[in-house]
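The lines below spell out each chain.
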Amino acid sequence: MPKIISFDMDGTLVDPSFTDWVWMYGLPKLYAEKEGLPFEKAKLYVVSEYEKVGEGAIEWYDIQYWLRFFQLDHDWRSLLQTYVDKIHVYEEVDHLLDRLKDRYILILTSNAGKEFIEIEMKATGLGKYFQHVFSATSDFRMVKKTVDFYRHICEALCVNPQEIIHIGDHYEFDYLVPISIGIQAFFLDRSGKEKGEYVLHSLKELERKIISE
Ligand SMILES: [Mg+2]
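Residues numbered from 1 in each chain as written. Predicted model: local features only at pLDDT ≥ 70, side-chain atom pairs only at ≥ 80, totals over all residues.

**Student:** In this structure, what is going on with the overall build of the protein chain? I would like to understand it.
**Tutor:** The number of helices and strands found in the protein chain is 10 helices and six strands. In terms of overall size, the protein chain behaves like a compact globule, its C-alpha atoms giving a radius of gyration of 18 Å where 213 residues would be expected to give roughly 17 Å. Referenced to the eigenvectors of the C-alpha coordinate spread, the extents of the protein chain come out at roughly 60 × 30 × 30 Å. Taking all 213 residues of the protein chain together, 33% fall into the buried category. (Helix = DSSP H or I, 4+ residues; strand = E, 2+ residues; numbered from the N terminus. Rg over C-alpha atoms; globule rule 2.2 N^0.38 Å. Buried ≥ 20, exposed ≤ 12 C-beta atoms within 10 Å, placed from the backbone.)

Printed below as a string of structure tokens:
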């Protein structure tokens, strides 16, 4: 019987627009101010430097790396805090976690850096539901939720994959990868296009799915 429920964060519990605000607006704006450049010009440059590093590199995810790289004398916390009003929890989340928390161990499994997780959990108040929080990039230096990422989690919690149910909005990293090692998983497709036993269109459908298993 599964006793642990694992949730992805961005796109699953929290609207992902916050991270875009930080990377595509906040950081370029700081750089524009430092260099006295128009915002659009600064953004083009900043994004071109992101692209050179690419999402396959651990630095891509590391806000402190980028503040150093652009020589911005700015604390990561205050940068993220500036856009905290852009953090929105999907409406069904609080109610669901509140109902599940006494029956399951709830964990958060994200590939966001720990800085983003910390601010998002604090701003939303969701942190109180999770007994463990795992960041692929900060805790395991992995850029994606690979098979090894899920194995590390099983080891850290001393459980078999069969004891975990994972839910997330990325078809490969939140569904195909976990099921490949025996973790039961559901793919959250908020667009409503995908169909199937393993698909959720909203987290409201999760409880019914778990109970009917
Ligand atoms: Mg996600």
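**Student:** Which parts of the structure should I look at to understand the nonpolar core?
**Tutor:** One recurring pattern in soluble globular proteins: nonpolar side chains tend to sit buried together. Judged by nonpolar contacts, the single largest core of 49 residues is most densely connected at Met9, Leu108, Ile167 and Phe186. Composition of this core by domain shows at least three residues from each of domain 1 (4-15 + 88-212) and domain 2 (17-85). For Leu108, the residues in contact, after removing those within four places along its chain, are Phe7, Met9, Ile117, Phe130, Val133 and Phe134. (Core = buried A, V, L, I, M, F, W, Y, C linked by C-beta atoms within 7 Å. Domains from an automatic or database assignment. Contact = placed C-beta atoms within 7 Å.)

**Student:** Could you clarify how one ought to interpret unusual backbone geometry in this entry?
**Tutor:** Among all residues except glycine, the phi angle is most often negative; among peptide bonds, the trans geometry is most common. Phi is positive for Arg141, close to 55 degrees, though the residue is something other than glycine. Backbone geometry at Cys158 places phi at a positive 55 degrees, although glycine is not the residue there. According to the C-beta neighbour criterion, Cys158 is exposed, with 7 such atoms within 10 Å.

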